[in-house]
Amino acid sequence: RGNLGNADARCAFQAFSLFVKAKEVPAASRCPGGGEGVRWRCCRQAFEDLPGIHRHVALHHSGDVGRQAGLGAGPAEAGGSPAGGPALAGSAAWPSGHSCNNPEISWALPNTSHVSHDDLTSVILFFLNILFLFAYLCHAVGSQVGEVLLYYCYCEVKDPEKLCAWQKALCQHLHLTGKVRVASEGINGTVGGSKVATSLYIKVMLSQPLFKNILCQEDFKSSAGGAHCFPDLRVGVFKEIVPMGIDPKIVSYKETGIHLSPQEFHREVEQYLSQASQGQSDTILLDCRNFYESKIGHFQGCLAPDIRKFSYFPSYVDENLELFKDKRVLMYCTGGIRCERGSAYLRSKAVCREVYQLKGGIHKYLEEFPDGFYRGKLFVFDDRYAICSNEDIISACRYCGVLWDQYKLCSSHHCRQLVLTCPSCCNKGLTACCPVCQEKELKVTSRASGQALKEECECTRRRPRVPIENVSPRMLDTGK
């Protein structure tokens, strides 16, 4: 089906099955080593059920399976590490308990009777229900498996619960997965599905009266992907559509900085780098993202705070006010939403001369300047972890220092951190984010398996919550 022929499909399934078979624990040695239920071992991890080992192989060994199948592709070409998930059951029914007469929120769902089920869900999703690997293989041979949308819209929402219910019904109707946050200040979402489904989603969102004259086609950022990039669909009501930790009534998106188009921002960065090289710059190029995002990709000459969550950003500003005094600040983030509130907070401190932000974020900038001043990969909050537009690798393996920028989750079941570990180090069993986690992982794997509670890693606890920048005026002037 699609661009992947039946013969290739059979080869893919066979190669996948053989790879999984090779990871089986011999029946005679199952009990002593890792608990009664352990049936497979791979990358120093134990698996009790078939979906578990299938998902692991799809996430971490798609390149090996693809080469074995003769399809020749690896994770580097796919730009990340997607994981699959079953397609959601669609429903055109109205959300229960809600009427359709709200003048601000239209409950209409798109008519999909003229669209085939395969076009709406993509044939890939059918295979994903059986094998998590298939999306990778289809990507490897150039198949258009679908796309992921990223968008936000700040507007007054009088009834967030109703908007949330409609949004959930819409996504289920179109077989979309992803995450959508709704609040009284607006909506923020990233969803994945077939191109037919995402196109219908955009049309319905633009026709929603609540977003009229506010949301436009340009506000939707898209990238290659699909429903397999998210494990499920999560739609909920929150206090903020991006968690900065400050009441939107106190710091409002209405007080945001000056928006610059990608072309305008490009010119500003060009001028900043030119002046900084001569020691004459009065500008700070500020990355509003978390440290693990800027670690694998950022603008040249930027100041990238070593913070773990966006909710730490206000404290970071408070602790480093002197740094921003009388400066022109150019801010950027992934899609623009963090800059909306972040720039408003920075402006509220009345220390900067001017505050600007990149409209549409790095996502939109890379559409126009794929080989511009942004180098490395763009981190995304789904199972791909990153998308790329240039060949630069600016980060390194945690263990051996070789250039590497493909994140994996720390192998310790106690940890929630991302780790950069190259294939060579992975093969040596170095799969955790720090020695403490590596030790925990070995202890957990050697015992009978059970559901492990997540906790903050010790290396994360040692990281200062809010770093105080020790940046001299000379370093700022030279753009370092």
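Residues numbered from 1 in each chain as written. Predicted model: local features only at pLDDT ≥ 70, side-chain atom pairs only at ≥ 80, totals over all residues. Heavy atoms only, no water.

- With an unreviewed UniProt entry as reference, the protein is termed Thiosulfate sulfurtransferase/rhodanese-like domain-containing protein 2, source organism Ptilorrhoa leucosticta.

**Notes on the overall build of the protein**
Turning to step 1, where the next piece is worked out: Of the regular secondary structure elements, the protein holds 20 helices and 17 strands.
Turning to step 2, where the next piece is worked out: In the protein, buried positions account for 54% of the 480 residues.
Turning to step 3, where the next piece is worked out: A sequence separation of at least 24 residues applies to 71% of the contacts in the protein between residues at least 6 apart.
Turning to step 4, where the next piece is worked out: As presented, the protein carries roughly 21,400 Å² of accessible surface, and 51% of it is formed by carbon and sulfur atoms. (Helix = DSSP H or I, 4+ residues; strand = E, 2+ residues; numbered from the N terminus. Buried < 20%, exposed > 50% of the residue type's maximum accessible area, 1.4 Å probe, protein only. Contact = heavy atoms within 4.5 Å. Areas by Shrake-Rupley, 256 points an atom, 1.4 Å probe, with all protein chains shown as cover.)

**Focus: the pattern of salt bridges**
Turning to step 1, where the next piece is worked out: As enumerated under the stated definition, the model contains 18 salt bridges in all.
Turning to step 2, where the next piece is worked out: Put simply, Lys364 and Glu367 hold a salt bridge, and the shortest N to O gap is 3.5 Å. Residue Lys364 and its partner Glu367 are located together in helix H16 (residues 361–368), separated by 3 residues, close to a single helical turn.
Turning to step 3, where the next piece is worked out: Each of Glu185, Glu240 and Arg341 takes part in salt bridges that share partners, so that together they form one network. (Salt bridge = Lys/Arg side-chain N within 4 Å of Asp/Glu carboxyl O.)

**Looking at the packing of aromatic side chains**
Turning to step 1, where the next piece is worked out: Following the criterion strictly, the structure yields 16 aromatic pairs and no others.
Turning to step 2, where the next piece is worked out: Their ring planes at 20 degrees and their centres at 5.7 Å tell us that Phe310 and Phe313 sit as a pair that is stacked.
Turning to step 3, where the next piece is worked out: Look at Phe313 and you get buried, because its relative accessible area is 0%.
Turning to step 4, where the next piece is worked out: Measuring from centroid to centroid gives 5.1 Å for Phe379 and Phe381, while their planes differ by 80 degrees, and the two rings are edge-to-face.
Turning to step 5, where the next piece is worked out: Note on Phe381: relative accessible area 36%, which makes it partly exposed.
Turning to step 6, where the next piece is worked out: One aromatic cluster in this structure is built from Phe265, Phe299, Tyr332, Tyr365, Phe369 and Tyr374.
Turning to step 7, where the next piece is worked out: Its end group placed over the ring of Phe238, Arg181 keeps NZ or CZ at 3.9 Å from the ring centre.
Turning to step 8, where the next piece is worked out: The side chain of Arg398 reaches across the aromatic face of Tyr399, ending 5.1 Å from its centre. (Phe/Tyr/Trp six-rings, centres within 6.5 Å; stacked < 30°, edge-to-face > 60°. Lys NZ or Arg CZ within 6 Å of the ring centre and 35° of its normal.)

**What about the sheet that holds strand E7 (residues 233–237)?**
Turning to step 1, where the next piece is worked out: Within the open sheet, the 5 strands sit side by side as E6-E3-E5-E4-E7. Their pairing is mixed. Edge positions in the sheet fall to strand E6 (221–224) and E7, since each has one partner strand and no second. Neighbouring strand axes in the sheet, compared pairwise and without regard to direction, differ in orientation by 10 degrees on average.
Turning to step 2, where the next piece is worked out: Sheet topology note: the strand E4 (residues 177–183)/strand E5 (residues 186–193) ladder contains 7 bridges and is antiparallel. By the bridge assignment for E5, Thr177 is matched with Gly192.
Turning to step 3, where the next piece is worked out: Those strands touched by H16 are strand E3 (147–154) and E6, and its axis lies near 70 degrees from that of E6. (Pairing = 2+ DSSP bridges. Axes fitted to C-alpha atoms, helices over the stretch in contact; angles between N-to-C directions.)

**A closer look at the nonpolar core**
Turning to step 1, where the next piece is worked out: Among the nonpolar cores identified, the biggest contains 35 residues, and Tyr201, Met205 and Phe211 are the most heavily contacted of them.
Turning to step 2, where the next piece is worked out: Taken together, the elements giving at least two residues each to this core come down to E3, helix H9 (160–173), E4, E5, helix H10 (195–207) and E7.
Turning to step 3, where the next piece is worked out: Looking at this core element by element, the count peaks at 7 residues for H9.
Turning to step 4, where the next piece is worked out: In this structure, Val242, Phe310, Cys339 and Val355 belong to the second largest nonpolar core, which totals 33 residues. (Core = buried A, V, L, I, M, F, W, Y, C linked by side-chain atoms within 4.5 Å.)

**A look at the pairing of strand E12 (residues 354–358)**
Turning to step 1, where the next piece is worked out: For E12, the tally of buried residues reaches 4 of 5 residues, placing the bulk of the element in the interior.
Turning to step 2, where the next piece is worked out: Here strand E8 (residues 258–260) runs beside E12; their pairing, made up of 3 bridges, is parallel. Looking across to E12, one finds that His259 is bridged to Gln357.
Turning to step 3, where the next piece is worked out: Handedness of the crossover joining strand E11 (residues 328–332) and E12 through helix H15 (residues 337–348) is recorded here as right-handed. (Right-handed = clockwise from strand over helix to strand, strands pointing away.)

**Some points on the packing of H9 against H10**
Turning to step 1, where the next piece is worked out: Two elements in contact, H9 and H10, have axes whose closest approach is 11 Å; the angle formed by their N-to-C orientations is 155 degrees. Considering the angle they form, H9 stands roughly antiparallel to H10. Classified by chirality, the crossing of H10 by H9 is right-handed. Residues Trp166, Gln167, Leu170 and Cys171 of H9 lie in contact with H10, whose contacting residues are Tyr201, Val204 and Met205.
Turning to step 2, where the next piece is worked out: Grouping the amino acids of the contact of H9 with H10 by side-chain chemistry returns 6 nonpolar, 1 polar and no charged. (Parallel < 35°, antiparallel > 145°, perpendicular 65-115°, else oblique. Left-handed = near helix turned anticlockwise from the far one by under 90°. Nonpolar A, V, L, I, M, F, W, Y, C, P; charged D, E, K, R; others polar.)

**Quick look at the sheet that holds strand E9 (residues 283–287)**
Turning to step 1, where the next piece is worked out: Here we have 4 strands laid out as an open sheet, ordered E8-E12-E11-E9, and parallel in their pairing. Each having just a single partner strand, E8 and E9 make up the two edges of the open sheet. Geometrically, the sheet is characterised by an average inter-axis angle of 25 degrees between neighbouring strands, direction not taken into account.
Turning to step 2, where the next piece is worked out: Where E9 lies against E11, 5 bridges are found, and the strand directions are parallel. Bridging across to E11, Asp287 finds its partner in Tyr332.

**A word on the side chain of Arg341**
Turning to step 1, where the next piece is worked out: Position of Arg341 relative to the elements: it lies in helix H15.
Turning to step 2, where the next piece is worked out: For Arg341, a relative accessible area of 0% gives the class buried.
Turning to step 3, where the next piece is worked out: Setting aside residues no more than four positions away along its own chain, Arg341 makes contact with Tyr154, Glu185, Glu240, Val242, Met244, Ile246, Asp247, Pro248, Val251 and Tyr253.

**A word on unusual backbone geometry**
Turning to step 1, where the next piece is worked out: A positive phi angle, close to 60 degrees, is found at Asp326, a residue other than glycine.
Turning to step 2, where the next piece is worked out: Within the secondary structure, Asp326 is located in the loop between helix H14 (321–324) and E11.
Turning to step 3, where the next piece is worked out: Under the relative-accessibility criterion, Asp326 is labelled exposed at 51%.
Turning to step 4, where the next piece is worked out: Unusually for a residue other than glycine, Tyr385 sits at a positive phi of about 70 degrees.
Turning to step 5, where the next piece is worked out: The topology assignment puts Tyr385 in the loop between strand E14 (378–379) and strand E15 (386–387).

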